[in-house]
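For reference, the chains in residue letters:
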Amino acid sequence: MDPERSRSINTTNTTNSHDLALGAQEGKMKNQHLRGPRRFRTASLITLAVLAASSCGSSGESDAPDDDAAAVTSDDAPDSTSDTSDAPAETDPPEPDDSEARPLRIGQVGDLGSLEPYRNASTNYLFIENVFDQLLVNEKNEGLEPEAATVELAPDNMSLTITLREGLTTHDGSVVDSEMLRYDFEERVASPDTGGAMYNALAPYYDSVEIVDDLTLKFNFVTPTPHAEHLMALMIVADPDMFVKSDGSVAFSNEEETQIGTGPYQLVEYVPDTSMTLEAFDGYWEDGSPAIERIDITFFGDSASMIAALESGQIDLAFNPPFDAAARLGAENAFTAWLPETAGVSSILMVNPEREHLRDPRVRQAINIAINRDAVNAGAYAGLAIPTASPVPPSSMAYTDALAVETAGEPERARELLAEAGAEDLAIQITYPGDNDVARLSVEVVAQNLNEIGIDATLDPVDSSIWKERRGAQDFDVLWSLIAGANKHPAGLEDTFAYAHTDNKFFDDIEPQEEFVRYSDAFSRALAATDPDEAASAWQEAVVAAADGSWVVILVGAPFPMVSTSDLVGVTWTEADKPIFKYATFQ
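Residues numbered from 1 in each chain as written. Predicted model: local features only at pLDDT ≥ 70, side-chain atom pairs only at ≥ 80, totals over all residues. Heavy atoms only, no water.

**Brief notes about empty space enclosed by the protein**
It is the rolling of a water-molecule-sized probe over the atoms that shows where space remains empty. For clarity, the threshold we go by: Within this scheme a cavity is a closed region of a 1 Å grid, computed over the protein atoms alone, that accommodates a 1.4 Å probe without allowing it to escape, whereas a pocket is open but has protein on both sides within 12 Å along at least five of seven lines; lining residues each have an atom within 4 Å of a point. Grid points are joined across faces, edges and corners, and a volume is the space filled by probe spheres set on the points.
In this structure the tally under the stated criterion is 7 cavities of 30 Å³ or more. Contributing to the lining of the second largest cavity are Glu129, Gln134, Leu136, Val137, Asn138, Ala233, Leu234, Thr574, Glu575, Ala576 and Lys578.

**Some words on the environment of Val137**
Using the following cut-off: Working definition: helices are DSSP H or I runs of at least four residues, strands are E runs of at least two. Numbering for both runs from the N terminus. Each residue gets one of three labels from its accessible area relative to the maximum for its type: buried under 20%, exposed over 50%, partly exposed in between, using a 1.4 Å probe on protein chains only.
Within the secondary structure layout, Val137 lies in strand β3 (residues 136–137). In this structure Val137 comes out as buried when scored by relative accessible area, which is 2%.

**Observations regarding the pattern of salt bridges**
Using the following cut-off: Salt bridges are defined as contacts in which a side-chain nitrogen from Lys or Arg sits within 4 Å of a carboxyl oxygen from Asp or Glu.
Evaluated as defined, the whole model comprises 26 salt bridges. In this structure, Asp475 and Arg355 form a salt bridge, with 3.1 Å as the shortest nitrogen-oxygen distance. Note that Asp475 is positioned in the loop between α13 (464–473) and β18 (478–484) and Arg355 in the loop between β14 (345–351) and α9 (361–370), a separation of 120 residues in sequence. On the basis of relative accessibility, which here comes to 38%, the residue Asp475 falls in the partly exposed class. A salt bridge links Arg440 to Asp437, with the nearest nitrogen and oxygen atoms 3.6 Å apart.

**Observations concerning the packing of aromatic side chains**
The following threshold applies: Aromatic pairing here means that ring centres of Phe, Tyr or Trp (its six-membered ring) are within 6.5 Å. Orientation follows from the plane angle: under 30 degrees is stacked, over 60 is edge-to-face, and everything else is tilted. The rule for a charge over a ring is simple: NZ of Lys or CZ of Arg within 6 Å of the ring centre, and within 35 degrees of the ring normal.
A complete count under the given rule lists 22 aromatic pairs for this structure. Ring geometry for Tyr499 versus Tyr519: centroids 6.4 Å apart, planes at 45 degrees, classification tilted. Linking Tyr499 in the loop between β18 and α14 (514–528) with Tyr519 in helix α14, this pair joins segments that are 20 residues apart in sequence. Among the aromatic residues, ring-to-ring pairing joins Tyr499, Phe507, Phe516, Tyr519, Phe523, Trp539 and Trp551 into one connected group. Of note, Arg102 hangs over the ring of Phe586, and the distance from its end group to the ring centre comes to 3.6 Å.

**Side note on helix α10 (residues 373–381)**
Note the threshold: Working definition: the arc comes from the directions between the helix axis and the C-beta atoms, pointing outward to the latter. Between two residues, a contact is recorded if the distance between any of their heavy atoms is within 4.5 Å. Any pair of nitrogen or oxygen atoms within 3.5 Å is treated as a polar contact; in protein, a donor-acceptor pairing is required on top of that, and neighbouring residues in sequence qualify only through side-chain atoms on both sides.
Three or more residues of α10 are buried, namely Arg373, Val376, Asn377, Ala380 and Tyr381. End-on view of α10: buried residues confined to an arc of 100 degrees, all on one side of the axis. Packing partners of the buried residues in α10 comprise α8 (323–330), β14, α9, β15 (386–387), α12 (437–452) and β19 (552–557). The backbone nitrogen of Asp374 lies 3.1 Å from a side-chain oxygen of the residue at the head of α10, namely Asn372.

**Remarks on the confidence of the model for the protein chain**
This is how the line gets drawn: pLDDT is a per-residue confidence score from the predictor, ranging from 0 to 100.
Looking at the protein chain, the pLDDT average stands at 83 and 82% of residues meet or exceed 70. Within the model, the stretch residues 1–80 combines pLDDT values under 50 with 288 contacts to residues more than four positions away or in other chains.

**So, the packing of α10 against α12**
Test applied: Angular values range over 0 to 180 degrees, each being the angle between N-to-C directions of two axes fitted as lines to C-alpha atoms, with helices fitted over their stretch in contact. We call two directions roughly parallel when the angle between them is under 35 degrees, roughly antiparallel when it is over 145, roughly perpendicular when it lies between 65 and 115, and oblique otherwise. Should the near helix be turned counterclockwise from the far one by less than a right angle, the crossing is left-handed, whereas a clockwise turn marks it as right-handed.
It is the contact of α10 with α12, at a shortest axis distance of 8 Å, that shows an interaxial angle of 150 degrees. Considering their axes alone, α10 and α12 lie roughly antiparallel with respect to each other. With respect to the hand of their crossing, α10 and α12 are arranged in right-handed fashion. Residue-level inspection shows Ala375, Val376, Gly379, Ala380 and Tyr381 of α10 in contact with α12, the latter providing Val438, Leu441, Ser442 and Val445.

**A few points about the pairing of strand β20 (residues 562–565)**
Counted only if it meets this: For two strands to count as paired, DSSP must find a minimum of two bridges between them.
Inspection of the sheet shows strand β12 (residues 317–319) paired to β20 by 3 bridges, in the antiparallel sense. Its bridge partner lying in β20, Leu317 is registered against Ser564.

**Topic: the sheet that holds β14**
Strand order in this open sheet of 6 strands is β15-β19-β14-β18-β16-β17, and the pairing throughout is mixed. The sheet is open, and its two edges are formed by β15 and β17 (456–462), each paired on a single side. Of the pairings in the sheet, the one linking β14 to β19 comprises 5 bridges and is antiparallel in character. When the sheet's bridge partners are listed, Ser347 is paired in β19 with Val556. Strands in contact with α10 are β14, β15 and β19; relative to β19, the strand with the most contacts, it is inclined by about 55 degrees.

**Digging into the layout of surface pockets**
Estimated volume of the largest pocket: approximately 530 Å³. Asn200, Pro204, Glu494, Asp495 and Ala500 are the residues nearest the centre of the largest pocket, which is lined by 24 residues in total. Elements with a minimum of two residues in the lining of the largest pocket: α5 (196–202) and α14.

In structure tokens form, the structure reads like this:
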């Protein structure tokens, strides 16, 4: 990675219509996997003094059943877009600490989801991205670059050769070699008991790993995997020592008693529900990084407390704050709103074709085009999201103008489609987690839009646990949810069960519809294509067919914002909006 390019980012304090954000979680998040109270300090091996064993295993690691395997879990569902703190007049920046070793003080609402490095929940981003290196990094969606390794995909998309960075060492001084990465793949990621979200991402493709030499491995696939390089941007390098517990037994998912990565920072202290401290790794491979020697992370009980701490100078950066707080503070000279243009997540509706009254694709198309996405953006996202109906961004080879919709909605055309389908006296329920304000504000707009075209749409708020169960069982008419963002390779659409091109749960009990058959066929051809033009054509056919079927309706793209004091520069992020602080410094 070119550190100079990473530092050359827009640090203006204003937002624009192309910037994205995802609101913070409101209220105290109770950690279901880390029993407290526990406190640990690390020695040279970054040993955690006490970490209770989780009884959940990998199935407990993902709150989204069979969904969003690579990037998003229900932990990412925001609880509020509202900044409930008072909005004072614009103030001068807090006085900086004159110490040469000034730490970066970060706030986050809620504790970590877990200390499992293969779990990609947003609450873990501050930990994962800075303690571990990925094989590849896609900074700001500007293209994959080597981090811990270089890769070469075979012309037939059936294997990937991985060459590790020479001289790479872990936090305990171990040299990273092929055997270490083989262990990470075969003993951790390839197992449902230890692989976390990465198991779901890689398992459909994984066949075997061959060691070629001390620094080179060959990853073999069971099916063409054209997005293998993007999967490697999720694969972290972990020292196998961290997966052996003090009693000599193997740690299952989230049972690790140590954290030993190769990243720019090492974990030195973690107090559940309170704080985490990261210190710069002196042996990091990239000269001059990290620039800041220590990161102190505070876990806040609510967003109002976090924003108040930022405004009073107690912290330097708030991760994933509410949208309106990001918009308000970003307009002040004292602060910088870091609003990624990448789409870490997409806010969607699942429209169930197995329900008889929603079986006609014209009815689902009518729902899709009736929605005023501009109003969803304004009401639920403070105008900071990207209204779109496309599951892929315009920069993708899979994008075509046929995916564009009128973001203000097309109610007249929607009524025509309902009439063509003979849909009269149509009534639907829109299910969403009742404690989630982003979801509520989004579906309120949707319900109003559908009522205006003659659909009797009522809201169905349920407890989050019930929402998860009903989503996994497809027990709903229409359901609000989140899926992994649109920045990745189009093959990554299958990270969510809703876009599976085979064995799709939405068509288990009915004959697959023409639109899904087109989608499945084009998706299969795209996976197998070795000619770039043929692949692009097939991917376009696939996403257009999915849009025609409208069993998934995209509302907006919504990544994770950050707001900092204006003297902090050099913050950047990955394609999944995981924050990168190794280039950050105070000016």
